[in-house]
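Spelled out, the chains give:
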Amino acid sequence: MGVEDLPLREDLRGRSPYGAPQLDVPVALNTNENPYAPSPELAAALARNVEQTAAGLNRYPDRDATRLRAALADYLGHGLDPGRVWAANGSNEVLQQILQAFGGPGRTALGFEPSYSMHPVISRVTCTDWVPVDRTGTDFGLDAGAAVDAVRRHRPDVVFLTSPNNPTGASLPLETVAAVAAAAPGMVVVDEAYAEFRREGTPSALTLLAEHPRLIVSRTMSKAFALAGARVGYLAAHPAVVDALQLVRLPYHLSAITQVVAATALEFADELLGQVKQLRQERDSLVEWLRGHGFAVAASDANFVLFGDFADRSAVWRGMLERGVLVREVGPPHTLRVTVGTPEEMSAFRTALLEVTAR
Ligand SMILES: *Cc1c(COP(=O)(O)O)cnc(C)c1O
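Cut-offs used in this document
- Residues numbered from 1 in each chain as written.
- Predicted model: local features only at pLDDT ≥ 70, side-chain atom pairs only at ≥ 80, totals over all residues.
- Heavy atoms only, no water.
- Helix = DSSP H or I, 4+ residues; strand = E, 2+ residues; numbered from the N terminus.
- Expected span 1.5 Å × (residues − 1).
- Buried < 20%, exposed > 50% of the residue type's maximum accessible area, 1.4 Å probe, protein only.
- Arc of directions from axis to C-beta.
- Core = buried A, V, L, I, M, F, W, Y, C linked by side-chain atoms within 4.5 Å.
- Domains from an automatic or database assignment.
- Phe/Tyr/Trp six-rings, centres within 6.5 Å; stacked < 30°, edge-to-face > 60°.
- Near = heavy atom within 4 Å.
- Polar contact = N/O pair within 3.5 Å; in protein donor to acceptor, adjacent residues only side chain to side chain.
- Nonpolar A, V, L, I, M, F, W, Y, C, P; charged D, E, K, R; others polar.
- UniProt positions renumbered as here; feature names shortened; annotations may be inferred.
- Contact = heavy atoms within 4.5 Å.

J.: Sorry if this is basic, but what is going on with helix 1 (residues 40-54) here?
T.: Because the α-helix completes a turn every 3.6 residues, residues three or four places apart line up on one side. The end-to-end C-alpha separation of helix 1 is 20 Å, in line with the 21 Å expected for 15 residues at 1.5 Å each. Within helix 1, the full set of buried residues consists of L42, A45, L46, N49 and T53. When helix 1 is viewed along its axis, its buried side chains cluster within an angular range of 100 degrees and face the same direction. Opposite its buried face, helix 1 presents the exposed residues P40, R48 and E51, each directed more than 90 degrees away.

Here it is as structure tokens:
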């Protein structure tokens, strides 16, 4: 028996599960993970705190994740408090809860593509119609006037803005976010998964929350906090938005282990953000190197770089893989995306790329 023989929802028939290939390669630069494993000090603190928590695992966890939300509010600053912060198993679950509460049958979500491919996927699984609008600005930017026009025309229930954008890399100007938030009839989600990697002087949409009660800023611990394996995402919004999400979240959705792991990692924020700084420098020199070798490169505020132009990007992708370097075939047709890794990994990437493209 196969999936198609089951009484599956009509709209799920013929679909494939989402996910980048998880191949065992020496240099994995394909899913924007942080290359730096937790330090021995952080790993020891995690083990200690998890052991303590283990002794209480017969009980359900704190349903409201109070301590973690306080720590996240503290980390974000901007005068936020736990009532304005919400956490879940990865920002993907945060986004799913947003669509469960504000999207759904008969409703629409709009996004500007190319962007994060999970936005349409989560929209579909929550039975929210997806409205794709092209990013028409230079360097895959978003023209504020065009964005506002699209929002006025389609009147979506939820708008997704990704800043810094994945897979293209650049942040949106705050004015663009503010203009969309002012024009949108429903909720506006700014997916700031890569916020900590943005270039100096680039503001976060957190600064707009006070003025726009239907604005949501989502973040993750998967990238800057090097915690992809723990599955922790969160958002900041008006307290009423957080109240609305309580209507759709499963009770005890965030395990006691996840809560304590995330809170412990936040205690090491300085150390982890120090590594982010190194990764930003590594990114900037990667951009410079690629440009120096004649590749087209989009500006990046993230821990990845979109580069090209390749007549046959699949061939380049395969050639890199044969040399043990896994990048991502994603975005516009002639481009590849590479995650910023350690200096050693980037050196392997450079060598492989020069070989494959015979430059
Ligand atoms: C990686 C990424 C996420 C993070 O997802 P998690 O579920 O928190 O791991 C969210 N949004 C974008 C745009 C991403 O690239």
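J.: For this particular structure, what's the right way to read the nonpolar core?
T.: Most often, soluble globular proteins keep nonpolar side chains buried together rather than apart. By size, the foremost hydrophobic cluster in this structure holds 87 residues, and its most contacted members are F112, L161, M221, L290, F307, F349 and L353. Take this core: its biggest share by element is 8 residues, from helix 9 (residues 269-292). Per-domain counts for this core show at least three residues from each of domain 1 (18-39 + 270-358) and domain 2 (58-267). Counting residues in hydrophobic clusters, the runner-up holds 23 residues, among them V94, L99, F160 and L245.

J.: I would appreciate a short explanation of the packing of aromatic side chains in the present structure.
T.: Between two aromatic rings, the relevant description is the distance of the centres plus the angle of the planes. Applying the stated rule across the entire model yields 8 aromatic pairs. With a centroid separation of 6.1 Å and an interplanar angle of 45 degrees, the aromatic rings of W130 and F160 are classed as tilted. Linking W130 in strand 4 (residues 129-134) with F160 in strand 5 (residues 158-162), this pair joins segments that are 30 residues apart in sequence. Residue classification places W130 among the buried positions, given a relative accessible area of 17%. In this structure F160 comes out as buried when scored by relative accessible area, which is 3%. Centre to centre, the rings of F307 and F349 are 5.7 Å apart; their planes meet at 85 degrees, and the pair counts as edge-to-face. Here F307 is found in strand 10 (residues 304-308), whereas its partner F349 is found in helix 11 (residues 343-357), with 42 residues between them in sequence. On the accessibility criterion, F307 (1% relative accessible area) is buried. Aromatic ring contacts, followed pair by pair, group F295, F307, F310 and F349 into a single cluster.

J.: Got a minute to help me understand the site of the ligand in this structure?
T.: Near the ligand, the surroundings consist of 13 residues, among which S91, Y194, T220, S222 and K223 are the closest. Within the contact set of the ligand, an oxygen atom lies 2.6 Å away from a backbone nitrogen or oxygen of S91. One of the side-chain N or O atoms of D191 is found 2.8 Å from a nitrogen atom in the ligand. At 3 residues, the largest contribution of residues to the shell around the ligand is made by helix 3 (residues 90-102). For the shell around the ligand, a count of residues per class yields 3 nonpolar, 7 polar and 3 charged.

J.: Mind showing me how you'd approach the UniProt feature "modified residue: N6-(pyridoxal phosphate)lysine" (unreviewed entry) in the protein chain here?
T.: UniProt records the feature "modified residue: N6-(pyridoxal phosphate)lysine" (unreviewed entry) for K223 in the present numbering. Looking at the secondary structure, you find K223 in the loop between strand 7 (215-220) and strand 8 (233-236). By relative accessible area, K223 is classed as buried at 14%. Residue contacts for K223: discarding those within four places in its chain leaves T31, N32, N34, A193, Y194 and F197.

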